[in-house]
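# Residue-level structural notes
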Amino acid sequence: MLKENYSKVLENVNAAAKRAGRNPSDVTLIAVGKMHEPGELQEVYEAGCRDFGENKVQELTGKIVVLPKDIRWHLIGHLQRNKVKYIVGKTSLIHSVDSLRLAEEIEVQTNKLNGGSLVSDILLEVNASGEISKFGIRPEETLQLCREISALRHIRVRGLMTVAPYVDDPEENRSIFRKIKSLSLDIRNANIDNISMDVLSMGMSGDYEVAIEEGATIVRVGTSIFGARDYSSQSSD
């Protein structure tokens, strides 16, 4: 069942890219395994997925040790500074950097690895909707944060990430995705050293096709692949 779900979502991803006149290979589908067992992730892995995302550091590190070593892991949830040391060097991409202080901690911890030769790829999380309940910096603060982070030698800003509101009609989020795409172009045009804008992580189970049509290069899909989560015993994609 999970293999079929993954294949269906991947088919939708490819179709959305083609509708937008884009190459489907330019869009990465991340399977978000939050609160799902390693065996379930293994099944999706066997369907061909190599990019998996987790919201919590403890869950991420626990799955890394039991799942195949060629998986590219993405930390997509809010990251506290005291948890940074557990994930640097283990993640392909940290999606949720929302302050200079967090970036500086990633810099410090990354510098400790591999004789200081390692660089951590990150995205800046932007709260494009203005929702108080969501993490992320305001769009108007993003360019300045890029300038400040650009001086950190063990961090590479690859682009932006956003979490759009949960809506019944995905079309309601089109303007959010369009805003993030426009912001990324403004930052790219600023030509800041050590800052690139080749990655846009936006779109989840309810709206990933619209996000792709508006320029997403990464979509983060959990429920449409793994099914609904049981929140009764634990405290999104």
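Quick caveat: nothing in here was measured; it's all calculated off a predicted structure.

This next bit is on the packing of aromatic side chains. Tallying each qualifying case throughout the model produces one aromatic pair. Between the aromatic rings of Phe52 and Trp73, the centroid separation amounts to 6.0 Å while the plane-to-plane angle is 45°, which identifies the pairing as tilted. Residue Phe52 is located in strand E2 (residues 51-54), and its partner Trp73 is located in strand E3 (residues 72-75); the two are separated by 21 residues in the primary sequence. Lying over the aromatic face of Tyr45, Arg50 brings its terminal NZ or CZ to 3.6 Å of the ring centre.

Packing of helix H1 (residues 2-19) against helix H2 (residues 38-46) brings their axes to within 8 Å, and their N-to-C directions diverge by 55°. Here H2 runs oblique to H1, going by the angle between their axes. Between H1 and H2 lies a crossing of right-handed hand. Facing Leu2, Lys3 and Tyr6 of H1, the residues of H2 in contact are Glu40, Glu43, Val44 and Glu46. Its residues placed into classes, the contact of H1 with H2 shows three nonpolar, no polar and four charged.

Turning next to the side chain of His154. Position of His154 relative to the elements: it lies in the loop between helix H5 (139-149) and strand E6 (155-161). Judged by relative accessible area, which is 13%, His154 ranks as buried. In terms of polar contacts, His154 uses its side chain to reach the side chain of Asn111, at 3.0 Å. In contact with His154, not counting residues within four places along its chain, are Glu107, Thr110, Asn111, Gly116, Leu118, Val119 and Ser120.

Once that is clear, we can look at the pattern of salt bridges. Taken as a whole and judged by the stated rule, the model has 19 salt bridges. Lys63 serves as the salt-bridge partner of Glu54, at 2.8 Å between the closest nitrogen and oxygen. As far as burial versus exposure is concerned, Glu54 and Lys63 are alike and both buried. In this structure, a network of salt bridges that share partners links the residues Arg19, Glu171, Arg174, Arg178, Glu209, Glu213 and Glu214.

Another point: the packing of H5 against helix H6 (residues 174-189). As a packed pair, H5 and H6 sit with axes 10 Å apart at the nearest point and diverge in direction by 30°. Relative to H6, the element H5 is oriented roughly parallel. Where H5 crosses over H6, the handedness of that crossing is right-handed. Facing Pro139, Thr142, Leu143 and Cys146 of H5, the residues of H6 in contact are Lys179, Leu183 and Ile187. In terms of residue class, the contact of H5 with H6 is built from five nonpolar, one polar and one charged.

This part takes up the nonpolar core. Ranked by size, the top nonpolar core spans 62 residues in total, and within it Val44, Phe52, Leu79, Ile106, Leu124, Leu160 and Ile225 carry the most contacts. With near-sequence residues (within four places) excluded, Val44 lies in contact with Leu2, Tyr6, Ala31, Cys49, Phe52, Ile225 and Phe226. With eight residues, the next largest nonpolar core counts Val32, Leu93, Leu123 and Val199 among its residues.

Okay, the pairing of E6 next. Among the seven residues in E6, five count as buried, and that is most of the element. The pairing of strand E5 (residues 120-125) with E6 spans six bridges and is parallel. Bridge assignment links Asp121 to a residue of E6, and that residue is Arg156. Handedness of the crossover joining E5 and E6 through H5 is recorded here as right-handed. In the sheet, E6 pairs with strand E7 (residues 195-201) via four bridges, with the strands oriented parallel. Its bridge partner lying in E7, Val157 is registered against Ile195.

Now for the environment of Ile187. Assignment of secondary structure puts Ile187 in helix H6. Exposure remark for Ile187: the relative accessible area of 2% places this residue in the buried category. Residues Ile187 and His95 lie 92 residues apart in sequence; the distance between their C-alpha atoms is 17 Å. Apart from residues no more than four positions distant in its own chain, Ile187 is found in contact with Thr142, Leu143, Cys146, Leu160, Ile195 and Met197.

Parameters at a glance
Residues numbered from 1 in each chain as written. Predicted model: local features only at pLDDT ≥ 70, side-chain atom pairs only at ≥ 80, totals over all residues. Heavy atoms only, no water. Phe/Tyr/Trp six-rings, centres within 6.5 Å; stacked < 30°, edge-to-face > 60°. Helix = DSSP H or I, 4+ residues; strand = E, 2+ residues; numbered from the N terminus. Lys NZ or Arg CZ within 6 Å of the ring centre and 35° of its normal. Axes fitted to C-alpha atoms, helices over the stretch in contact; angles between N-to-C directions. Parallel < 35°, antiparallel > 145°, perpendicular 65-115°, else oblique. Left-handed = near helix turned anticlockwise from the far one by under 90°. Contact = heavy atoms within 4.5 Å. Nonpolar A, V, L, I, M, F, W, Y, C, P; charged D, E, K, R; others polar. Buried < 20%, exposed > 50% of the residue type's maximum accessible area, 1.4 Å probe, protein only. Polar contact = N/O pair within 3.5 Å; in protein donor to acceptor, adjacent residues only side chain to side chain. Salt bridge = Lys/Arg side-chain N within 4 Å of Asp/Glu carboxyl O. Core = buried A, V, L, I, M, F, W, Y, C linked by side-chain atoms within 4.5 Å. Pairing = 2+ DSSP bridges. Right-handed = clockwise from strand over helix to strand, strands pointing away.

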